[in-house]
Amino acid sequence: MPDLKDKSIVITGAGRGIGATIARALAADGARLTIADRTEADAAQVAGDIRAAGGTAIAVTVDVRDRAAVRRMIDEAVAAHGRLDVLFNNAGIAQTKPFLDITEDDWHTVNDVNALGVLIGMQEAIKTFRKQGGGGKIINTASIAGKQGYEPLAHYSASKFAVVALTQAAARGFGKEGITANAICPGVVATEMWKIIDQGFRDTGITKAENEAFDMFAAGAVLGRPSRPEDLVGVARFLASSDSDFMTGQSLLVDGGMVFA
């Protein structure tokens, strides 16, 4: 079992999907979780489930685009759990739109959450790590779309390339302080986000049937199936634990073999 007992871990976008699944698993390993989500009820549900199972968790509402809200999130985690050990920037959104139809508003809608939100989270976590005397871990959720661009998801892809770049930049900038930064790159995962992407493909006429886009992309996985949120747990455990102490700046593909890079 990884050495996560009593580690203070903040996960954004943890009210459902990948974030919620990872949060429950890390809490079962003994970590103290801060469940952060823009939807209060979702965060409270996951935190309540963790406590009911004997774990430790608080719920915090956060808009990752708002620096003051992110600062409050981290401060609440420190107040509840004594310190911050790991920040997992998992919050993200997606939008499907043909390349030539992407507007400035579309760009900001996606990139302000997926890229700016990660930057703010990393900055505020690093400030806290320094106050604590150095050391700490940052985990970011990128995507296979951070390794290669997809035309109906161009601005989403750009945001995830940015997450990979921010991960590398922070690793280079703060490694000598004992702060590591790594990213997880999921593939096609059966979550609410992919329902939104799939609907977008149908709205733009690229596909016609429900789940057609999902199935089309998932067919590229050499392991023969789409991902499940549970498939990301092992890598998240590894990156949050001391097992990954000598690893930084990496973006790990956990996609069933969709992209080789």
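This text goes with the structure placed above it.
Quick summary incoming for the structure in this document. (Residues numbered from 1 in each chain as written. Predicted model: local features only at pLDDT ≥ 70, side-chain atom pairs only at ≥ 80, totals over all residues. Heavy atoms only, no water.)

### Quick look at the environment of F174
With respect to the helices and strands, the residue F174 is situated in helix α5 (residues 154–174). Taking the C-alpha atoms as reference points, F174 and R130, 44 residues apart in sequence, are found 10 Å from one another. Aside from chain neighbours lying at most four places away, what touches F174 is I126, R130 and I179. (Helix = DSSP H or I, 4+ residues; strand = E, 2+ residues; numbered from the N terminus. Contact = heavy atoms within 4.5 Å.)

### Comments concerning the pairing of strand β4 (residues 86–89)
On β4, burial covers both faces: V86 and F88 on one face and L87 and N89 on the other are all buried. Here strand β1 (residues 8–12) pairs with β4 via 3 bridges, running parallel. Considered in β4, the bridge of I9 is made with V86. (Buried < 20%, exposed > 50% of the residue type's maximum accessible area, 1.4 Å probe, protein only. Pairing = 2+ DSSP bridges.)

### Notes on the sheet that holds strand β6 (residues 179–186)
Read across the open sheet, the 7 strands follow the order β3-β2-β1-β4-β5-β6-β7; overall the sheet is parallel. Strands with a single pairing partner mark the edges of an open sheet, and in this sheet they are β3 (56–61) and β7 (251–254). Taking each pair of neighbouring strands and ignoring which way they run, the sheet shows an average axis angle of 20°. Bridge analysis of β4 against strand β5 (residues 136–141) gives 4 bridges, and the strand direction is parallel. Following the sheet pairing, V86 is matched in β5 by K137. Packed onto the sheet, helix α2 (residues 40–52) meets β2 (32–37) and β3 and runs at close to 175° relative to β3. Most of the contacts of helix α4 (residues 104–131) go to β4, to which it runs at about 175°, and overall it touches β4, β5 and β6. (Axes fitted to C-alpha atoms, helices over the stretch in contact; angles between N-to-C directions.)

### Remarks on the packing of helix α1 (residues 17–28) against α2
Angle between the axes and distance between the axes: these two values describe a pair of packed helices. Where α1 contacts α2, the two axes come as close as 10 Å, and the packing angle between them is 25°. In terms of orientation, α1 and α2 fall into the roughly parallel class. For the pair α1 and α2, the sense of crossing is right-handed. Between α1 and α2, the residues in contact are A20, A23, R24 and A27 and V46, D49 and I50, respectively. The residue makeup of the contact of α1 with α2, split by class, is 5 nonpolar, no polar and 2 charged. (Parallel < 35°, antiparallel > 145°, perpendicular 65-115°, else oblique. Left-handed = near helix turned anticlockwise from the far one by under 90°. Nonpolar A, V, L, I, M, F, W, Y, C, P; charged D, E, K, R; others polar.)

Remember that the coordinates give geometry; whether it matters functionally is a separate question.
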